[in-house]
Amino acid sequence: MQEKNRVTMVIGGAEYAVSADEETSYILSIGEEVDAYITKMMQSNEQISTTVAAVFAALEFCDRSKKAESGADNLRAQIKGYVEEAGRARMEVDEARREINRLNQQIQVLKVKLARLGEVSE
């Protein structure tokens, strides 16, 4: 079992110890992003407490997450449509190739018949 990475970070003026499977640099970058958002909120309105700023940060990041999930779902649906369309196109190409082969064979038969007719009339 992989050992969890332990990281200490400061968010909104408070120190937090975090343990996670992700890389330390990733955990720190998330902490920095949350801290920057909370700090910005508290600087924009000095009456906002750290708790209120943290709630707004949670709402903001949750909103971003939901929108990203929705965007990913839309992309997956588009890709699925493209894959299905490509599959249909491949089937049409295969069918067209079979028809071309059939017509080429028919042309060869007709050429042979035409050659025979030419021999008869001479």
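Residues numbered from 1 in each chain as written. Predicted model: local features only at pLDDT ≥ 70, side-chain atom pairs only at ≥ 80, totals over all residues. Heavy atoms only, no water.

Engineer: Any chance you could explain the environment of Thr8 here in plain terms?
Structural biologist: Here Thr8 shows up in strand 1 (residues 5–11). If we ignore the near neighbours within four places in the chain, the residues touching Thr8 are Glu15, Tyr16, Ala17 and Leu28. (Helix = DSSP H or I, 4+ residues; strand = E, 2+ residues; numbered from the N terminus. Contact = heavy atoms within 4.5 Å.)

Engineer: Explanation requested: the nonpolar core in the structure shown.
Structural biologist: Most often, soluble globular proteins have nonpolar side chains that are buried together. Grouped together as the largest cluster of nonpolar side chains are eleven residues: Val7, Met9, Ile11, Ala20, Ile27, Tyr37, Ile38, Met41, Ile48, Ala53 and Ala57. Breaking this core down by element, the ones donating at least two residues are strand 1, helix 1 (24–44) and helix 2 (50–121). At four residues, the largest contribution of residues to this core is made by helix 1. (Core = buried A, V, L, I, M, F, W, Y, C linked by side-chain atoms within 4.5 Å. Buried < 20%, exposed > 50% of the residue type's maximum accessible area, 1.4 Å probe, protein only.)

Engineer: Sorry if this is basic, but what is going on with the pairing of strand 2 (residues 14–20) here?
Structural biologist: Taken residue by residue, a regular strand's side chains alternate between the two faces of the sheet. In terms of strand pairing, strand 1 meets strand 2 through seven bridges, oriented antiparallel. Among the inter-strand pairings, Val10 is bridged to a residue of strand 2, identified as Glu15. What sits between the antiparallel neighbours strand 1 and strand 2 is a turn of two residues, in which Gly12 has the positive phi angle 60 degrees. (Pairing = 2+ DSSP bridges.)

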